[in-house]
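The residues making up each chain are set out below.
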Amino acid sequence: MPPPPPQGAMAPGLMPPNPGFAAAGGVMGPPPPPGMVPPPNRAMVPPGAPPGPQSRIDPSQIPRPGAAPGELVIFETREQGQHVAPPPAASRFIVRDRGSAGPRHMRSTINLVPFSSDLLNNSQVPFSVAVAPMALPDPEDDPIQVVDLGELGPVRCTRCKAYMNPYMRFMSSGKTFTCNFCSHTNQTPDAYFCHLGPDGLRRDIDERPELCCGSVEFVATPEYCIRPPMMPTHFFLIDVSQTAIATGATATACSCISLVLDDIPQQERTLIGLATFDSSVHYYAMRGPGKQPQMLVMCDVMDVFAPEGAPLLVPVGPNKAELQELLKLIPDMFAQTRINESCAGAAIEAAINVVKPIGGKVKAFITCLPNFGLHALKQRDSVGVGEKDKLTFLQSQDNTCKTLAMVAADLQVSIDIAFLAQGYVDVATFSDLASSTGGSLYQYTPFNAAMDHDLVLNDLKWNLLRPQGMEAVMRVRCSAGLDVKSYSGHFFRMPSNPTDVYLPAIDADKALLANIVHTEKLQPGTECFVQAALLYSTPDGARRVRVHTLALPVTDNVANVFKGADLDAYMCYLSRRVASTLPGATLAATRDMVTSTIVNTLLAYRKYCASNSSSVQLILPEALKLLPLFTLAILKGPALKDGAKPDDRSMWCASMMSLPAARITPMLYPRLLPVHQMLANEPGALPDGLVCSAESLEAGGVYLLENGHDAYLYVDKMAPPELVQDLLGVKSYEELGRAATLPGGLFPLIPLDNPTSAFVQDLLTKLRIHRSSFMRLRVARKGDAAEVGFFNSLVEDKSTSGPSYVDYLCHVHRLIQNRMAS
């Protein structure tokens, strides 16, 4: 009798073939009803193999996301002194810090670490830790406590400089402590001394957060400060070219900046500056309350400078009224402009010169490709580029932008860029400015002033109000036997200090990925440690050290490695690998790399954990059962699908290189909600999302699809007229297609005075809060771009972007079979 299959998700071939119903690979479904013959599936037969019996795939049994976003999980980071694998990143959970950092802040691709590099290589699972030091907590999470040790400052190991954490052991009646990172014995500072209890633990362990919590924040002493903490500084750049005025981009930018001035915290110490640009740069010197600003024009945009002595940066509080009045006047001042040149690159360098004495943030609103002055760019054509052609247009076309970004980062200047454009603006080149300075990119292409004003406003407000830090330095340390090989993310590295990453700005929407390697063998049954320490300045002027410590058990069993694998962190690793590989590579090579990566992992599982299983079964480890589905989503996404616009590819790459794991998986596999069913049910928590396939769509239904970045409202042509009337304000689906639209053919979802409309607006609010993103909403009408976007987001269906989920599973299965046979 053959041994039972290993624990794990098995698809296809979930069960042994039924007599007379064999599968060459595929999920087994029930036998067909009498008189019915199951359809053939030749794609599941390996090349060169003789035709086998026909088979049928049952889509209901292949692995799919199943966590309900409304389910609330209380997650304790450790139970009975042992590490606990975290819940899915996009699910709702409350963290209880029991001595190890929570998964919002640190999430490892493996929760049981192989004891040797050979075992890690055998598993073919990457070892990386996603670190989001400023991650947004759930309101009910255990808060990160602030530890103020006065003049003593944070207690650290004198050899490796690791910070005090729950795993350092006190010895000699508390007079010494042993570092859990390097095993060095340190003398306990007199001011930190405490007697040990009968259990060998300090008597004050429960009173000191750094001894019982995995995440703490130390108040930094003067030795951690090169200069006084910088003041929050924001310098806004607004495009006033003819295109910007005509499309409403200038008016939108001015309106949004004016509105957020009321919400800026620390108004007495926060500095604000403003400039506009077309073929020249126009500074605005704020001469004080009650006085009109003075315009200073810089016409030479090949040799930029900042006017000396002019009050270009002023506190928000006493100058708010004058700033808001100026922002109100700017669209009218340039209303009759005929200048269509843009010197955006020169304007950004000029803004850096303004804020460089103190550091700060430059926020640029760009409407068209910069074609004038310093850092002018050229239109790059991607027409005719095939899958075997190198995507050089995803690389920067101006190396001086990279140099400028490094200069800005060294000056503690961060650059945020919003693209309010109608077409190509070369996101690839601009992304260098944001990525090296810890900045953010926002894309609203094609921009529609009426539809996107609220989106721009909310993005700008969140940019200013989200948890964030300034002039930061971060280092990730590993215990003996492990080391950080490399980092990926939005940061700056100094050649003189390769161990630290420099972050002019860090916020809740940014994560760094630390790739870890073995330097020696570990001891099975023990724990290894990873610690991320972030030294930063808070917006209110304090200097802090935020420390996250993660403890992971060590194993010598490859099956445990797969059992403890983390899908969200794995996809964070894989997405960043695609984002870093694609520029300058070919689509074909990158696609092959993506599929080969997961095939290697699944083949290793088959080889070491399921070698006795039948070759007709594709057996997936339970923790990674959705790996093929999310990989397919990458292949069909903006980065790798045929026909995608260069700016869309570049924007995807830039997003994936900075987003935390909780934001990546929803972007890959959207949530599809049946609005018509939710209206009929009792209000409550959000239901499970439907399968992202057209098979989930019912005749007469209304659906909301969202991925944390975009949202689509889809109305079926057979939807009841009264539902269409209550929701959209038109009498029928046919009238929806004929209804007057906004420029660009867009139909707005306007709040109406009825329960149906109120329910949908409330649903949108809940989703936006859950995703920490306002999300661009589009009503999908027959034949328009929104309908195409909606159906392209149904990942599991076959489309021009790629195969169906079932076909891709069969393809992966076939590749594994071929590798096994060879």
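Residues numbered from 1 in each chain as written. Predicted model: local features only at pLDDT ≥ 70, side-chain atom pairs only at ≥ 80, totals over all residues. Heavy atoms only, no water.

> I would appreciate a short explanation of the overall build of the chain in the present structure.
Helix and strand counts for the chain stand at 21 helices and 33 strands. On C-alpha atoms alone, the chain measures out to a radius of gyration of 28 Å, which is about the 28 Å that the 2.2 N^0.38 rule sets for 822 residues. Overall, the chain is about 90 × 80 × 55 Å in size when its C-alpha atoms are taken along their principal axes. Across the 822 residues in the chain, those meeting the buried criterion constitute 59%. The long-range share in the chain, meaning contacts at least 24 apart out of those at least 6 apart in sequence, stands at 73%. With an accessible surface of roughly 33200 Å², the chain has 54% of that area assigned to carbon and sulfur atoms. Averaging the positions of the 69 positive and the 78 negative side-chain charges in the chain gives two centres separated by 5 Å. (Helix = DSSP H or I, 4+ residues; strand = E, 2+ residues; numbered from the N terminus. Rg over C-alpha atoms; globule rule 2.2 N^0.38 Å. Buried < 20%, exposed > 50% of the residue type's maximum accessible area, 1.4 Å probe, protein only. Contact = heavy atoms within 4.5 Å. Areas by Shrake-Rupley, 256 points an atom, 1.4 Å probe, with all protein chains shown as cover. Lys, Arg positive; Asp, Glu negative; His and termini not counted. Charge placed at Lys NZ, Arg CZ, Asp CG, Glu CD.)

> How should I be thinking about the pairing of strand S30 (residues 671–674) in this particular structure?
Side-chain positions along a regular strand alternate between the two faces of the sheet. Residue alternation in S30 divides its side chains into two sets, Arg671 and Leu673 and Leu672 and Pro674, and both sets are buried. Note that S30 and strand S31 (residues 702–706) share 4 bridges and pair antiparallel. Across the sheet, Leu673 pairs through a bridge with Leu704, a residue of S31. (Pairing = 2+ DSSP bridges.)

> Help me understand the side chain of Ser801, please; the structure alone is not making it clear to me.
When you line up the elements, Ser801 lands in the loop between helix H20 (785–792) and helix H21 (805–821). Once you skip the residues sitting within four places of it in the chain, Ser801 turns out to touch Leu635, Lys636 and Lys641.

> Sorry if this is basic, but what is going on with the side chain of Lys363 here?
Counting through the fold element by element, Lys363 comes out in strand S19 (residues 360–366). Assessed through its relative accessible area of 3%, Lys363 is described here as buried. Among all residues touching Lys363, those that are not within four sequence positions of it are His234, Phe235, Phe236, Leu237, Asp416, Leu460, Asn463 and Leu464.

> For this particular structure, what's the right way to read the sheet that holds strand S33 (residues 776–780)?
Sheet architecture is open: 4 strands sit in the order S30-S31-S32-S33, paired in mixed fashion. One side of each edge strand has no neighbouring strand; the edge strands of this open sheet are S30 and S33. In this sheet, neighbouring strand axes are inclined to one another by 20° on average, regardless of whether the strands run parallel or antiparallel. Contacts from helix H17 (residues 721–728) reach S31, strand S32 (710–715) and S33 within the one sheet, and its direction differs from that of S32 by about 145°. (Axes fitted to C-alpha atoms, helices over the stretch in contact; angles between N-to-C directions.)

> Just to check I follow, could you spell out the nonpolar core for this structure?
Generally speaking, soluble globular proteins have nonpolar side chains that are buried together. Grouped together as the largest cluster of nonpolar side chains are 107 residues, with contacts concentrated most on Val476, Met571, Leu640, Leu668 and Phe790. Those residues in contact with Met571 that lie beyond four places of it in its chain are Leu627, Phe630, Thr631, Ile634, Ile664, Thr665 and Leu668. By size, the runner-up hydrophobic cluster in this structure holds 44 residues, among which are Cys343, Ala351, Val355 and Ala364. (Core = buried A, V, L, I, M, F, W, Y, C linked by side-chain atoms within 4.5 Å.)

> What is the right way to look at the packing of helix H4 (residues 249–260) against helix H5 (residues 316–333) in this model?
Two measures define how a pair of helices packs: the angle their axes make with one another and the distance between the axes. Between H4 and H5, whose axes approach to 9 Å, the crossing angle comes to 170°. Taken as axis vectors, H4 and H5 run roughly antiparallel relative to one another. Across the interface between the two elements, Thr250, Ala251, Cys254, Ile257 and Ser258 of H4 pack against Gln324, Leu327, Ile330 and Pro331 of H5. (Parallel < 35°, antiparallel > 145°, perpendicular 65-115°, else oblique.)

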